[in-house]
Amino acid sequence: MKTKELHSMDTKDLDKRLSELKLELMKEIGNVKRGRPIKNPGKIRVLRKDIARILTIKRQKSVVKK
């Protein structure tokens, strides 16, 4: 996801998207640990970066409110 898209979302939407990404990441990691073939090996890296982006934006929004 693009940073601009994330900045325009409110915290509830960010929380929802964060939980979706975490679930998807768990599924992908589970598939790797089970030895299943991966269609897109770079997807795990992208998911981790998206999760980090969302957490950073949430932190920035909480600091701005104080």
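Model, not experiment: these values are computed from the prediction. Every chain begins its residue count from 1, and numbering advances along the sequence as written. Under the rules for a predicted model, residues below a pLDDT of 70 receive no local features and side-chain atom pairs below 80 are neither given nor counted, while totals for whole chains, interfaces and linings still include all residues. With hydrogens and water excluded, all non-hydrogen atoms of the structure serve as input to the side-chain values.

Asks: I'd love a proper account of the environment of aspartate 50, names of residues and values included.
Replies: Within the fold, aspartate 50 resides in helix H3 (residues 43-65). Partly exposed describes any residue whose relative accessible area lies between the buried limit of under 20% and the exposed limit of over 50%, with all areas from a 1.4 Å probe on protein chains only and scaled to the type maximum. Judged by relative accessible area, which is 7%, aspartate 50 ranks as buried. Note on definitions: a residue-residue contact is assigned when non-hydrogen atoms from the two residues lie within 4.5 Å. Ignoring any residue separated from it by four or fewer positions in sequence, one finds aspartate 50 in contact with Met1 and Leu21. Only DSSP runs of H or I with at least four residues qualify as helices, and only runs of E with at least two residues qualify as strands; both kinds are numbered from the N terminus onward.

Asks: Please set out the nonpolar core residue by residue, giving values where relevant.
Replies: Take the buried Ala, Val, Leu, Ile, Met, Phe, Trp, Tyr and Cys residues and link them wherever side-chain atoms come within 4.5 Å; each set so joined is a nonpolar core. Core analysis: the largest hydrophobic core is formed by 11 residues, namely Leu6, Met9, Leu14, Leu18, Leu21, Leu25, Ile44, Leu47, Ile51, Ile54 and Ile57. Among the secondary structure elements, those contributing two or more residues to this core are helix H2 (11-34) and H3. Sort the elements by how many residues they give to this core and H3 lands first, with five residues. In contact with leucine 25, not counting residues within four places along its chain, are Ile44, Leu47, Arg48 and Ile51.

Asks: Run through the side chain of glutamate 28, naming residues and quoting values.
Replies: Here glutamate 28 shows up in helix H2. Accessibility expressed as a relative area gives 16% for glutamate 28, which makes it buried. When residues no more than four places from it in sequence are discounted, the contact partners of glutamate 28 are Ile38, Lys43, Ile44 and Leu47.

Asks: Summarise the pattern of salt bridges; cite the residues concerned and give the values.
Replies: Salt bridges are defined by distance alone: a side-chain nitrogen of Lys or Arg within 4 Å of a carboxyl oxygen of Asp or Glu. Tallied over the full model, the rule gives five salt bridges. Its salt-bridge partner being lysine 43, residue glutamate 24 comes within 2.9 Å of it at the nearest N-O pair. Here lysine 43 lies in helix H3 and glutamate 24 lies in helix H2, a separation of 19 residues in the sequence. Among the salt bridges present, the one from arginine 53 reaches aspartate 50, with a minimum N-O distance of 2.7 Å. Here aspartate 50 and arginine 53 lie together in helix H3, a separation of three residues that amounts to about one turn. With relative accessibility at 31%, the residue arginine 53 sits in the partly exposed group. Here the salt bridges do not stand alone but share partners, grouping Glu24, Glu28 and Lys43 into one network.

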